[in-house]
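One letter stands for each residue in the lines below.
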Amino acid sequence: MKKIAIIMGSDSDLPVAEKAADTLRQHGIPFEVHIFSAHRTPNEARDFALNARVNGFGVIIAAAGKAAHLAGALAANTTLPVIGIPLKSSALDGVDALLSTVQMPSGIPVATVAIDGAVNAALLSMEILAVSDEEIAEKLDALRRAETQKVLAKNAAAEAKFNV
Ligand code: RP5
């Protein structure tokens, strides 16, 4: 099975990035976590992206805040799918990171999830692998069924409480 890379720009990004790791762990998806910064360690970030495919990765998740160029910088050096998580780590509440991550020029795509959307980043990475992996597709189907049951149970509780 291909591995997922979770890259973050700083250890201060860990509380959110960890949620992506937790989601992948829960579903038995192999992953690695690294701290590479587009600005502070650009050479390490570049080398990681250049070698990611041969190193067995299938998707790269990149989490960064402020002037969040990490996802784009990684995408510039690989044709693996890159998912960007803009982080709410500044006075601008993550809107700065959202725009920095999502507004990529044509030719270098980054699939951007919501601000702090680490769980969806992990699920999207699984969906990408599931295109050619039936086992992961089945895990995702089971997860959707479980989510549906949870909401149906909440609806039943609300209806029982408020509707006569
Ligand atoms: C970004 O700057 C990082 O991704 C982090 O979200 C933010 C602040 O980093 P630290 O100053 O906390 O290391 O590059």
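Here goes a summary of the coordinates provided. On a predicted model such as this, the values are computed, not experimentally measured, just so you know. (Residues numbered from 1 in each chain as written. Predicted model: local features only at pLDDT ≥ 70, side-chain atom pairs only at ≥ 80, totals over all residues. Heavy atoms only, no water.)

Glancing now at the pattern of salt bridges. Following the criterion strictly, the structure yields six salt bridges and no others. In this structure, glutamate 147 engages lysine 150 in a salt bridge whose closest nitrogen and oxygen atoms are separated by 3.2 Å. Residue glutamate 147 and its partner lysine 150 are both found in helix H6 (residues 134-162); the two are separated by three residues, about one turn of the helix. Overall, the relative accessible area of 40% leaves glutamate 147 in the partly exposed class. (Salt bridge = Lys/Arg side-chain N within 4 Å of Asp/Glu carboxyl O. Helix = DSSP H or I, 4+ residues; strand = E, 2+ residues; numbered from the N terminus. Buried < 20%, exposed > 50% of the residue type's maximum accessible area, 1.4 Å probe, protein only.)

Moving on: the packing of aromatic side chains. Following the criterion strictly, the structure yields two aromatic pairs and no others. Aromatic pair phenylalanine 36 and phenylalanine 48: ring centres 5.6 Å apart, planes at 40°, arrangement tilted. On the criterion of sequence distance, the pair formed by phenylalanine 36 in the loop between strand S2 (31-35) and helix H2 (42-51) and phenylalanine 48 in helix H2 is long-range, its members being twelve residues apart. Between the aromatic rings of phenylalanine 48 and phenylalanine 57, the centroid separation amounts to 5.2 Å while the plane-to-plane angle is 55°, which identifies the pairing as tilted. As far as the burial class goes, phenylalanine 48 and phenylalanine 57 line up, both buried. Chaining the aromatic ring pairs together yields one cluster made of Phe36, Phe48 and Phe57. The ring of phenylalanine 57 carries the charged tip of lysine 3 above its face, separated from the ring centre by 4.4 Å. (Phe/Tyr/Trp six-rings, centres within 6.5 Å; stacked < 30°, edge-to-face > 60°. Lys NZ or Arg CZ within 6 Å of the ring centre and 35° of its normal.)

Attention now moves to the site of the ligand. Every residue near the ligand is listed here: Gly9, Ser10, Ser12, Asp13, Arg40, Ala64, Gly65 and Ser89. Between the ligand and the protein, one listed contact pairs an oxygen atom with a side-chain N or O atom of aspartate 13 at 2.6 Å. Measuring from an oxygen atom of the ligand, one finds a backbone N or O atom of glycine 65 at 3.1 Å. About the coverage of the ligand: the protein hides 77% of its 360 Å² of free accessible area. Among the residues making up the shell around the ligand, the classes are represented as one nonpolar, five polar and two charged. (Near = heavy atom within 4 Å. Polar contact = N/O pair within 3.5 Å; in protein donor to acceptor, adjacent residues only side chain to side chain. Areas by Shrake-Rupley, 256 points an atom, 1.4 Å probe, with all protein chains shown as cover. Nonpolar A, V, L, I, M, F, W, Y, C, P; charged D, E, K, R; others polar.)

The subject of this paragraph is the sheet that holds strand S1 (residues 3-8). Hydrogen bonds between backbone atoms are what pair the strands of a sheet, whose relative direction is either parallel or antiparallel. Within the open sheet, the five strands sit side by side as S2-S1-S3-S4-S5. Their pairing is parallel. Strand pairing shows two members of the sheet lacking a second neighbour, S2 and strand S5 (111-112), which therefore form its edges. Both S1 and strand S3 (residues 57-65) contribute to a ladder of six bridges, which runs parallel. Of the residues in S3, the one forming a bridge with methionine 8 is alanine 63. Helix H5 (residues 118-130) rests against S1, S3, strand S4 (82-87) and S5 of the sheet, and its axis sits at about 165° to S3. (Pairing = 2+ DSSP bridges. Contact = heavy atoms within 4.5 Å. Axes fitted to C-alpha atoms, helices over the stretch in contact; angles between N-to-C directions.)

The phi torsion at lysine 66 lies on the positive side, around 55°, for a residue other than glycine. In this structure, aspartate 116 takes a positive phi of about 65° despite not being glycine. Mapped onto the elements of the fold, aspartate 116 is located in the loop between S5 and H5. Note on aspartate 116: relative accessible area 30%, which makes it partly exposed.

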